[in-house]
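# Reading the structure
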Amino acid sequence: GTRRLVKMSGKPESKGAMQSVKVALAIAGIFGSFGYFAVLQEDLFKKSYAGQKFKATFFMMVAERGANALVALFFLLIFGGSNLKIPIKEISVSGASQMLAMAASNEALRYVSYPTQVLGKSCKMVPVFLMGILIGG
């Protein structure tokens, strides 16, 4: 049988429906956060400050990564580690390539709008799909 949860109002609600609401809220939160971040980032690169455009891309990336590291440290201290062992070489290559990709994306914002940039990034999936079909069948 289907397991039912009872809300405080006394009405039964399925566990699947609650899980769906949680997933929908998580997705909305992620898209909302990234969308807001994108608007702020585009404004940073498009606006003039005292007659000059923002040019400290590397500083901004280091500040972002520093904030990310502090949040990660906070949660690591609160919840502990995962015992997952990832080789330093693999994580370093992944991190470096992500930093380069972000630097290129930030520099591109000087010349194109964020929606244009997202469209360009999403098109890179087409060759991946096609090769997957050709190779995998």
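Relevant structure appears above.
Residues numbered from 1 in each chain as written. Predicted model: local features only at pLDDT ≥ 70, side-chain atom pairs only at ≥ 80, totals over all residues. Heavy atoms only, no water.

## Remarks on the overall build of the protein
A count of helices and strands for the protein gives 5 helices and 4 strands. Ordered by position in the sequence, the α and β elements of the protein form the string β-β-α-β-β-α-α-α-α. Each of the 137 residues in the protein was classed as buried or not, and the buried ones make up 11%. Within the protein, residue pairs in contact and separated by at least 24 positions form 54% of the contacts whose partners lie at least 6 positions apart. For the protein, the accessible surface area stands at approximately 11,100 Å², while carbon and sulfur atoms represent 72% of it. (Helix = DSSP H or I, 4+ residues; strand = E, 2+ residues; numbered from the N terminus. Buried < 20%, exposed > 50% of the residue type's maximum accessible area, 1.4 Å probe, protein only. Contact = heavy atoms within 4.5 Å. Areas by Shrake-Rupley, 256 points an atom, 1.4 Å probe, with all protein chains shown as cover.)

## Let's talk about the side chain of Q41
Looking at where Q41 falls in the secondary structure, it is placed in helix α1 (residues 15–46). Of the residues examined, Q41 reaches a relative accessible area of 6% and is grouped as buried. Apart from the residues lying within four places of it in its own chain, the contact partners of Q41 are M60, E64, M102, N106 and L109.

## Description of the layout of surface pockets
Unfilled space is identified by rolling a water-sized probe across the atoms. Of the volumes computed, that of the largest pocket is approximately 210 Å³. Lining the largest pocket are 13 residues, and of these M102, S105, Y114, Q117 and K121 lie nearest its centre. Secondary structure elements with two or more residues in the lining of the largest pocket: α1, α3 (88–108) and α4 (114–123). (1 Å grid on protein atoms, 1.4 Å probe; cavity = no way out; pocket = protein on both sides within 12 Å on 5 of 7 lines; lining within 4 Å. Points joined across faces, edges and corners; volume = space filled by probe spheres on them.)

These results come straight from atomic positions and should not be treated as a statement about function.
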